[in-house]
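What follows is the residue order along each chain.
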Amino acid sequence: MNLRSLIVAVMVVLAGCATSARAPAPAPVVVVAPSTWQQVDREIVAASQSATEQTKIYARGAMDYWRTRVYQLTEENFIPWFSSYWTQEWLSMKVSWYTISATGEQDASAKRLATYLLDQYQKRVLAPVAVEIDPDAILGLATAFYVDILQEELQKISQRHGVPMAQLNGRIQKIPAIALGPPPARDASLYQVVHTEPLNTLPAYAALIDKIHKAGGDKGVDSTETAMAPVAKRASQRMEAEMPTRGAASAVAAAAGKLAGGLITVGVAGIRAIIQASDRPDSEALIRSSLGNTFDKAWAKLLQNPTTGVMAGTLYLAAQIEGNLAGSAEVPSVSSGSGAVDWSPAESTTQQIDP
């Protein structure tokens with residue numbers, strides 16, 4: 001090889017090294033048949049239905065735990081407090097004041113006592129349990145549980161039918177999951193719901209939870225006051241019946257002087273304590289029965305009510321998703337008439353929708 005040939009060979013090698021690597025060939029576009037999209041839609045509906053059933057089981061377990069803790073703290077904190085001697089003395093004073101300040105309203109003292117007892121029940125039972133779990137928390141957890149299952153199923157559907165996830169994402173951008181607008185921020189697609197983490201940062205989801213709360217009213221357990229009513233009425237009637245005796249004992253004690261009066265007062269208090277001790281089992285049985293029956297009903301309502309219960313968020317999303325897919329799951333395409341949804345994937349299938 002002569003010198004000129006060697007130089008040419010070296011230059012060719014150097015030029016090859018200087019050339020940038022070729023970009024990989026773009027992946028071929030996957031054409032998804034209309035019949036495949038129809039099957040995908042059917043499987044999304046089935047996945048939503050399955051996720052709903054699994055969420056019901058989860059919500060039932062969480063509500064069972066909440067009810068158990070409520071019963072436990074009722075026994076540990078509220079009943080001993082309510083039936084103790086000094087609490088009953090304090091309640092007697094309150095009933096006396098309620099009776100004196102009543103302005104002709106029927107059962108005024110019992111109603112005001114029921115409100116006071118409800119406040120105490122909230123403080124001693126419901127609030128401590130809520131630190132661990134309560135129906136509002138279960139509502140959010142159940143909805144997130146449903147969404148997590150649905151997200152996993154969407155990935156399986158993509159793999160099962162060979163539909164690229166980017167194309168499936170484009171399709172589910174067209175499926176309404178929350179429709180509470182205007183404004184548009186109160187609406188969200190299935191894509192937004194399954195890709196927003198955490199879910200409670202999605203404005204449309206926050207609007208949905210607010211709607212559920214307003215439908216259920218301000219109180220977490222609407223019928224607790226009803227449960228307190230028979231307890232308060234019985235306690236009020238007994239305490240009002242004791243008021244003349246209490247007044248007479250005070251008058252005798254005052255007439256006898258400080259020392260003897262103190263002894264008489266202690267003696268009357270001792271007699272009241274004995275009477276109350278004999279009445280205590282009945283009082284405790286009444287409050288157990290009243291609260292137990294009411295909480296069983298409240299528990300069932302919170303679990304089963306589709307618009308105000310712990311499954312309300314899940315059932316709303318499922319109804320929206322399944323309802324909007326009902327037509328496309330039966331026929332390959334959806335007409336473009338008024339109110340119809342365009343089921344073709346969006347042009348951009350990788351861009352995150354801004355909630």
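Up top is the structure.
Treat the numbers as computed from the prediction; the structure is a model and nothing was measured.

### Overview of the pattern of salt bridges
Summed over all chains, the structure comprises nine salt bridges. Between Asp296 and Arg67 there is a salt bridge, with the nearest N and O atoms lying 3.3 Å from each other. Of the two residues, Asp296 is situated in helix H10 (residues 258-304) and Arg67 in helix H2 (residues 34-83); the sequence distance between them amounts to 229 residues. When its relative accessible area of 33% is taken as the criterion, Asp296 is described as partly exposed. A single salt-bridge network, built from bridges that share partners, covers Arg60, Asp64, Arg67 and Asp296.

### Quick word on the packing of aromatic side chains
Taken as a whole and judged by the stated rule, the model has four aromatic pairs. Both rings, one in Tyr58 and one in Phe145, keep their centres 4.8 Å apart while their planes meet at 15°; by these two values the pair is stacked. Taken together, the residues span a long stretch of sequence, with Tyr58 in helix H2 and Phe145 in helix H5 (residues 135-161) at a distance of 87 residues. Taking the relative accessible area as the measure of exposure, Tyr58 reaches 28% and is therefore partly exposed. A relative accessible area of 29% places Phe145 in the partly exposed class. Measuring from ring centre to ring centre gives 5.5 Å for Phe78 and Trp81, while their planes differ by 40°; the resulting arrangement is tilted. Of this pair, Phe78 and Trp81 both sit in helix H2, three residues apart, which is roughly one turn of that helix. Each member of the aromatic cluster is reached from another via a ring pair, and the members are Phe78, Trp81, Phe82 and Tyr121. A cation sits over an aromatic face here: Arg67 above Trp299, 4.1 Å from the ring centre.

What counts and how
Residues numbered from 1 in each chain as written. Predicted model: local features only at pLDDT ≥ 70, side-chain atom pairs only at ≥ 80, totals over all residues. Heavy atoms only, no water. Salt bridge = Lys/Arg side-chain N within 4 Å of Asp/Glu carboxyl O. Helix = DSSP H or I, 4+ residues; strand = E, 2+ residues; numbered from the N terminus. Buried < 20%, exposed > 50% of the residue type's maximum accessible area, 1.4 Å probe, protein only. Phe/Tyr/Trp six-rings, centres within 6.5 Å; stacked < 30°, edge-to-face > 60°. Lys NZ or Arg CZ within 6 Å of the ring centre and 35° of its normal.

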